[in-house]
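Observations on the three-dimensional arrangement
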2 protein chains.
Amino acid sequence: MPSAFIPWKCGAALLSIPVCVFAATIPGIVLRKSDDVSMPGMMDTVLNLGLNDRTVVALAKYTANERFAMDCYRRFITMFGDVVMGVEHHKFENILDHIKKSAGVLFDHQLSAADLREVIVKYKKLLESETGGSFPQDPMEQLFMAVYAVFNSWNNDRAIVYRKLNKIPDTLGTAVNIQAMVFGNMGEDCGTGVAFTRNPSTGENKLYGEYLINAQGEDVVAGIRTPQSIAALEKDMPDIFKQFTNICKLLENHYRNMQDIEFTVERNKLYILQTRNGKRTAPAAVKIAVDMVEEGLIDKTEAILQVEAGHLDQLLHHRIDPSAKLDVVASGLPASPGAASGAVVFEAGLAEELTRKGEKLILVRTETTPDDIHGIVAAQGVLTARGGMTSHAAVVARGMGKPCVSGCEAMQIDYDKKEFQIGDLVVKEGDIISVDGSTGNVVLGEVPMIDPEPSPEFQKIMQWADEIRTLGVRANADTPEDATKSREFGAAGIGLCRTEHMFMAQDRLPIVQEMILATSIEERQKALDKLLIMQQGDFYGILKAMDGLPVTIRFLDPPLHEFMPNIEDLVVEITTLRLTNGDQGMIEDKEVLLRKVRNLSEFNPMLGHRGCRLGITFPEVYAMQARAVLMAAAQLIKEGFHPVPEIEIPLVIDKTELEYLRELVTNVGDDVMRETGVTINYTIGTMIEVPRAALLADEVASKADFFSFGTNDLTQTTLGFSRDDSESKFIPAYLDKKILADDPFIVLDRNGVGKLMKMAVELGRKTKPNLLIGICGEHGGESNSIKFCHNIGLDFVSCSPFRVPIARLAAAQARVKNMSGAKQDYGTI
Amino acid sequence: MPSAFIPWKCGAALLSIPVCVFAATIPGIVLRKSDDVSMPGMMDTVLNLGLNDRTVVALAKYTANERFAMDCYRRFITMFGDVVMGVEHHKFENILDHIKKSAGVLFDHQLSAADLREVIVKYKKLLESETGGSFPQDPMEQLFMAVYAVFNSWNNDRAIVYRKLNKIPDTLGTAVNIQAMVFGNMGEDCGTGVAFTRNPSTGENKLYGEYLINAQGEDVVAGIRTPQSIAALEKDMPDIFKQFTNICKLLENHYRNMQDIEFTVERNKLYILQTRNGKRTAPAAVKIAVDMVEEGLIDKTEAILQVEAGHLDQLLHHRIDPSAKLDVVASGLPASPGAASGAVVFEAGLAEELTRKGEKLILVRTETTPDDIHGIVAAQGVLTARGGMTSHAAVVARGMGKPCVSGCEAMQIDYDKKEFQIGDLVVKEGDIISVDGSTGNVVLGEVPMIDPEPSPEFQKIMQWADEIRTLGVRANADTPEDATKSREFGAAGIGLCRTEHMFMAQDRLPIVQEMILATSIEERQKALDKLLIMQQGDFYGILKAMDGLPVTIRFLDPPLHEFMPNIEDLVVEITTLRLTNGDQGMIEDKEVLLRKVRNLSEFNPMLGHRGCRLGITFPEVYAMQARAVLMAAAQLIKEGFHPVPEIEIPLVIDKTELEYLRELVTNVGDDVMRETGVTINYTIGTMIEVPRAALLADEVASKADFFSFGTNDLTQTTLGFSRDDSESKFIPAYLDKKILADDPFIVLDRNGVGKLMKMAVELGRKTKPNLLIGICGEHGGESNSIKFCHNIGLDFVSCSPFRVPIARLAAAQARVKNMSGAKQDYGTI
């Protein structure tokens, strides 16, 4: 039973007090209404509070039912003893089982008043021996102890973890409601239950819930009696049912949202204990929102807010069937969403070979390099022991829309033995595993998958989002296939087309290495000439797929050593060749290569010889790329298409770099237009991804047609956090110790990075009031960050194709929230 | 002959025109006076302009000396042909030699008018055959060609390089002066010469220079006749000499600076061609400035400006005798100033052993690691093939005040053969080399050294600087020895005491590794307990040496893998052990170690798990350091000293880190004070070295007693430049292409980094108006950067001990310049 169905474990805390004790004097005290935050691990309900050796007698007398009164008392002591005094629940159960055995009965409700009196005596002794104190007889003492226990439970481990996962501020605090007790267990004309006004799983507009006759809340959870479907209540208690359905409608209309309602029937009288917005799955959220608009209950802007944008993810990727039992053996970083199952394979070449034979595989590597690309292409998913959310494996997998779990540090790979170990568990090549790139889980064996199926309601809400939002949404895509997918998902263009992944294809890598190792400009030009033809083909495909829409093409960005073989591997090879008296010529060749690779290697590649620094030191490389883009555009124009290329220069720190490279590109552009006789409209802009570029954005803008915030790198440089290192090494501690509220690589750091972005927007637009400004870091697909982008006046966000719908919805929500000034909403989880 | 003695190659360009031709009509046109910028490679003087086939006849007639007129004409054609028409000088020389041979004479002045006429005919033919054009007969054409040639020479290679070296803006431009010609070669009552009003080498207040009778300027340079000392002029031409010395005094008094004066005597009449502030060595600059104040010629503030702060370096380090002939075989980065000679040694252990035997050594490594520290201690200097100005070798050598040349990429080391190669040159272990850490030069053989000897004038000018400056000057020092040296150099405290170098000492490294590899807190604590005693000793020594002055102690900063063995070495060891059937246990141990080292290694260590991130994840390490500092302070107080410890938390991005660690330190502080019964006054502050800390400085200030800008790291993160990578890989190209005006790791980037600093100062002081703010990056010792620090209101700069005097002077200059609003001064080089 999913947790959404256990209302007894949710909601603001309730202390229910027998009406006979407190009803007159304290009909209900509300300390504070803490919205509808609910939290596993937090203590919430204590029923029957106020009973003691004296009041239980009064209750027996008042109801003329001693057994009932004793049953309430023993329930109270169990609950109070467990959640307030901290004595483990199973110890009470043991006593109860013992007495049932002595009495020769099977179920609790078969126990007599006398049996229960014995239970109560033993419970009190248990409390004394376990806590050293005694069960408090004073109702006020009971009440205050319970209130403190609720407050304290705010800081227990499970509650803290839950808040962290759901980004609920620790400072929010909780409240305690004190209500008069009504009894669902007073006889056959009593009962208790919970219902959702609509189906929280599918969204169907039909009452959904369960109840039990003659019971208190915890009886349902205990699993001793099977609850009835709410529909059955119509037969059991027709009047109550009618009354309840009316109240449901009333509450839904009042709150303009699907409600999760707890109720009790005491002697044929219906009491509503609690109502709140109901949790729901993403498909249900979408359907309910659309239905309510069509029913005239809410308007489109409210509907937009009812769907949590981030949860649309569930609708767009293959995912593991949430009802499946999983054998999770480890977890790493959720590096690329979606899930996949397959046989473990450790080598890219083998992966390719086996895939041709039709096998489904998970590529497992300590970390991947460009040499492994064909393996990633071949595999269903990727699992690495090292590397963060921007590691090679993660970036490539996301680009391909393949699930990837990276930085699974518990995993020790032994390539020689062709196996990996997680603790004592050994997984061999060929064993089936599954990876869930949305959670980071690694699962043993195959798991059942669910397909994405955008519903008509989904299309509808997307349409409304598009009507409302003012922020543009583009996609990050590097291939014609991704470009096509992006259009399908509603992208208004490509905000980031990375050209380096094109260099990493297996057939191109040798040419790229040739280019890098060239010792003269002529030699380099020969390699570049070969690459030109390939790149032109790449750009032709992408520009064609995005015909009529802008495509921002970023020039070569990564440091060149990313295209070279691994140093450690070379060292092992050379040492081996030497010791085994290998061919001297081969040793020397390898040594020359090693020297060159070493020469290219860097202490801090993230801050190294990359981005436009390559364009400055090797202008011929950027010139080749400019020619490839513009020749492709010219060809398309001749064929009647309307390409809109935007050339993007990465990693600038100064307008001078942009000035230099702009001249280089426009010179090539002039040549191409002269050679082809075609006029091409293209723009030249830059990424803002280093603090200095943001600080000097007014100057940079003078040479740029557009800005695009590369917030991945801007976060790395502004915080001085290497993403690949920090996410595994210290960000977890920073989140634990509350030094950071969020992982800044997931949720944009508004205070720091955001301040720089705001400065850059203001400075840039001071120079050029109409400067086009976007964001293409991964934050471009994260709802909170999108809201910020809307607020500081960006023109567009760009994110991975699968996140485009999320971004469209989040952009609409940002606008709606700005219009209404509504506060942060934690409801729909 | 030093270049300062060749006035014909300096100065704003002069075109001297025979008086008979132009004097009446153009007595002197000044297009623009370009201050006193002079530049090698720039064309500057063309004498005798205006002569042609007709005017030469007039000149002969006017002077009644045909030989003289022809001599002027051939001189003019040579000079014009060379510098204006671009025909190589030696081709004119060849013709002249040929004619001298035919005429049977040895010297130019022995040629007859007829010989010279023949020379002139041949020269004109030479110009025709070389340029395709002919020698212009029209004086106006000659004039304009010469003027254009001057303007164009602004952009020739040597001039560009010179400007770059001396930070002269390319946009400054040059001017051309057109003067009437006076002839020093008209007979024995004529002459020409140059003199400095004081000795430019020593500063002695005595006329200093040379002259030639019956000569034109280039005769001196040609080296055919030996010039006379200016003193001899008193005998040769007593009246002229008296007149000249009076003029010298007059000019010096007028310009309030030592003058470099060119003069010509024509028929017993003295003409002053040019005067400008004379270049001088650092000792001369100091002496002249002090003397002039004492003579009442200038005041102290002017004296302060006359000495270029950066050049004091020459006075404070051992340096190579500037008059020595050097066999420079390669050059790298000038990583730690000073110079040293010694035998090449490749291994730290051997270096230590040989040093004990009294040998002087230069440690040569591809790069150094903590394992090499004892080798650096032992050696006279260090030379590395890789690594930048903050490489391990550079930082350690600077800390020890040892010369170091790093990143000498031309050098290929073969450890097996115990030799290194530079091109074809092979240098073996034991061969003597010298390194000049002030220039980056590597010299073959031993070189003569000059000792530093601060003169009384030096002391005087330092005293004046201290009276004037408002900016405090501290030193970066990690040992009691450095601390003592800092005090001697006038430091008002220690602005940065790095604690990691204390961890790298050879006897401590194993304990540090023990601490890092500990698998439990208990195990780690055991190692920490050992380190505590050692660190307490360190701090005791430093605080004692700086008794009464503040000592900013930075807690552990570098990533932990810096203390671990090298991965590549381990890989080679393991591969070797495996292939040679080595001991299985040893292989396994090494593999475990390799795995741990790998686990610690990072993709971008500069942005990794370091600085206060270590303090957050391993609080026990920072707690140990806090205890060591405060126990040392308590001990000193008991002994009657007055320690002033300032505890510095590195690399914060947020006030929350500081809050967390401040609490940790104050808890330890409370414990120490309770245990020892001593009250210790200490403060807790932070480095601002990541953009986010600067952006949020108002918040950070709320938890900080002081700020110190770590501009090395702030530059790395603001620009996204890894210093170790960028200085060898792309900064040179950036400087060449004028994308950057200066290496931002040498001269503070005011536009970018400076903007952040200014923000941080304003924000920090908004929260705490009296917040103490300093800088401890290497910019703290660079004059231009110090000026900026003064301007934005910092309280102190901190630099390496040897740069303290430079900083004191630069701080005074910054204040003086602000007071007078004086413009940038390029004069004294």
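First, a word on scope: everything that follows refers to the structure included in this document.

Quick notes on the rules
- Residues numbered from 1 in each chain as written.
- Chains lettered and ligands numbered in written order.
- Predicted model: local features only at pLDDT ≥ 70, side-chain atom pairs only at ≥ 80, totals over all residues.
- Heavy atoms only, no water.
- Helix = DSSP H or I, 4+ residues; strand = E, 2+ residues; numbered from the N terminus.
- Buried < 20%, exposed > 50% of the residue type's maximum accessible area, 1.4 Å probe, protein only.
- Lys, Arg positive; Asp, Glu negative; His and termini not counted.
- Charge placed at Lys NZ, Arg CZ, Asp CG, Glu CD.
- Pairing = 2+ DSSP bridges.
- Axes fitted to C-alpha atoms, helices over the stretch in contact; angles between N-to-C directions.
- Contact = heavy atoms within 4.5 Å.
- Arc of directions from axis to C-beta.
- Least-squares fit on C-alpha atoms with pLDDT ≥ 70 in both.
- Salt bridge = Lys/Arg side-chain N within 4 Å of Asp/Glu carboxyl O.
- Polar contact = N/O pair within 3.5 Å; in protein donor to acceptor, adjacent residues only side chain to side chain.
- Expected span 1.5 Å × (residues − 1).
- Parallel < 35°, antiparallel > 145°, perpendicular 65-115°, else oblique.
- Left-handed = near helix turned anticlockwise from the far one by under 90°.
- Nonpolar A, V, L, I, M, F, W, Y, C, P; charged D, E, K, R; others polar.

Along chain A, the regular secondary structure elements total 34 helices and 30 strands. A principal-axis box enclosing the C-alpha atoms of chain A has dimensions of 105 × 65 × 45 Å. The 829 residues of chain A split such that 57% are buried. One way to put it: in chain A the 87 positive side-chain charges average out to a point 4 Å from where the 112 negative ones average out.

Our next topic: the sheet that holds strand S16 (residues 404–406) of chain B. Residues and elements named next belong to chain B. The strand order across the open sheet built from 8 strands is S11-S21-S20-S13-S14-S15-S16-S12, with neighbouring strands paired in mixed fashion. The sheet is open, and its two borders are formed by strand S11 (328–331) and strand S12 (333–336), each paired with just one other strand. Looking at each pair of strands side by side, their axes are set apart by 30 degrees on average, direction ignored. Sheet analysis places strand S14 (residues 361–365) next to strand S15 (residues 381–384), joined by 4 bridges and oriented parallel. Within the sheet, the bridge partner assigned to Ile362 lies in S15 and is Gly381. Here helix H14 (residues 348–356) sits on the sheet in contact with strand S13 (339–345) and S14, set at roughly 175 degrees to S14.

Our focus in this paragraph is helix H2 (residues 55–63) of chain A. Residues and elements named next belong to chain A. Among the residues of H2, those classed as buried are Thr55, Val56, Leu59, Ala60 and Thr63. Taken down its axis, H2 places every buried residue within 145 degrees of arc, on the same side. Relative to its buried face, H2 has exposed residues pointing more than 90 degrees away, namely Val57, Lys61 and Tyr62. With its phi angle positive at about 55 degrees, Ala64 sits one or two positions after the end of H2.

We now examine the relation of the copies chain B and chain A. The second copy of the chain is related to the first by a rotation about an axis and a shift along the axis. Overlay of chain B on chain A (RMSD 0.3 Å): rotation 180 degrees, translation along the axis 0.1 Å. This pairing of chains is accounted for by a two-fold axis. Closest approach to the rotation axis among the C-alpha atoms of chain B is made by Asn604 of chain B, whose C-alpha sits 2.1 Å away. Both copies contact each other with a shared surface, as 100% of the interface residues of chain B are interface residues in chain A too.

A positive phi angle, near 50 degrees, is found at Arg256 of chain A, a position not held by glycine. Residue classification places Arg256 of chain A among the partly exposed residues on the basis of a relative accessible area of 36%.

It is worth spelling out the pattern of salt bridges at this point. Counted according to the given criterion, the structure contains 95 salt bridges over all chains. Residues Asp478 of chain A and Arg498 of chain A are paired through a salt bridge, measuring 3.3 Å at the closest nitrogen-oxygen approach. One end of the pair, Asp478 of chain A, is in the loop between strand S23 (472–476) and helix H18 (480–488); the other, Arg498 of chain A, is in strand S24 (residues 494–498), with 20 residues separating them in the sequence. Owing to a relative accessible area of 15%, Arg498 of chain A belongs among the buried residues under this scheme. Here Asp749 of chain A makes a salt bridge to Arg692 of chain B, at a shortest N to O gap of 2.6 Å.

Next up on the list: the environment of Asp236 of chain A. All names here are of chain A. Within the secondary structure, Asp236 sits in helix H9 (residues 233–236). Residue Asp236 is classed as partly exposed on the basis of its relative accessible area of 41%. Apart from residues lying up to four places away in sequence, Asp236 is in contact with Tyr211, Ile213 and Gln228. At 2.5 Å, the side chain of Asp236 forms a polar contact with the side chain of Tyr211.

Paired through their backbone hydrogen bonds, the strands of a sheet run either parallel or antiparallel. Residues and elements named next belong to chain B. Strand order in the open sheet made by the 5 strands is S7-S6-S5-S8-S9, with antiparallel pairing throughout. Looking at strand neighbours, the two that pair on one side only are strand S7 (228–229) and strand S9 (269–277), the edges of this open sheet. Taken together, the 8 bridges between strand S8 (residues 259–266) and S9 define a ladder with antiparallel strand orientation. The partner of Glu262 across the bridge, within S9, is Gln274. Its contacts with the sheet put helix H10 (residues 238–255) on strand S5 (191–196), S8 and S9, and the angle it makes with S9 is roughly 30 degrees.

Quick look at helix H5 (residues 113–131) of chain A now. Helical periodicity: at 3.6 residues per turn, an α-helix aligns residues three or four positions apart in one direction. All names here are of chain A. Its 19 residues place the ends of H5 27 Å apart at the C-alpha level, agreeing with the 27 Å of an ideal helix rising 1.5 Å per residue. Buried-residue contacts for H5 involve helix H3 (66–84) and helix H4 (89–103). Just downstream of H5, Gly132 is the residue with a positive phi angle, here 80 degrees.

This paragraph deals with the side chain of Thr197 of chain B. With respect to the secondary-structure elements, Thr197 of chain B resides in the loop between S5 and strand S6 (208–213). The contacts of Thr197 of chain B, once residues within four sequence positions are left out, are Asn205, Lys206, Leu207, Cys248, Glu252, Met258, Gln259 and Ile261 of chain B.

A few words now on the packing of H3 of chain A against helix H6 (residues 139–153) of chain A. All names here are of chain A. It is the contact of H3 with H6, at a shortest axis distance of 10 Å, that shows an interaxial angle of 45 degrees. With respect to H6, the element H3 is oriented oblique. Seen along the crossing, H3 lies across H6 with a hand that is left-handed. On the side of H3, the interface is formed by Phe76, Phe80, Val83 and Val84, while H6 contributes Gln142, Met145, Ala146 and Ala149. In terms of residue class, the contact of H3 with H6 is made up of 7 nonpolar, 1 polar and no charged.

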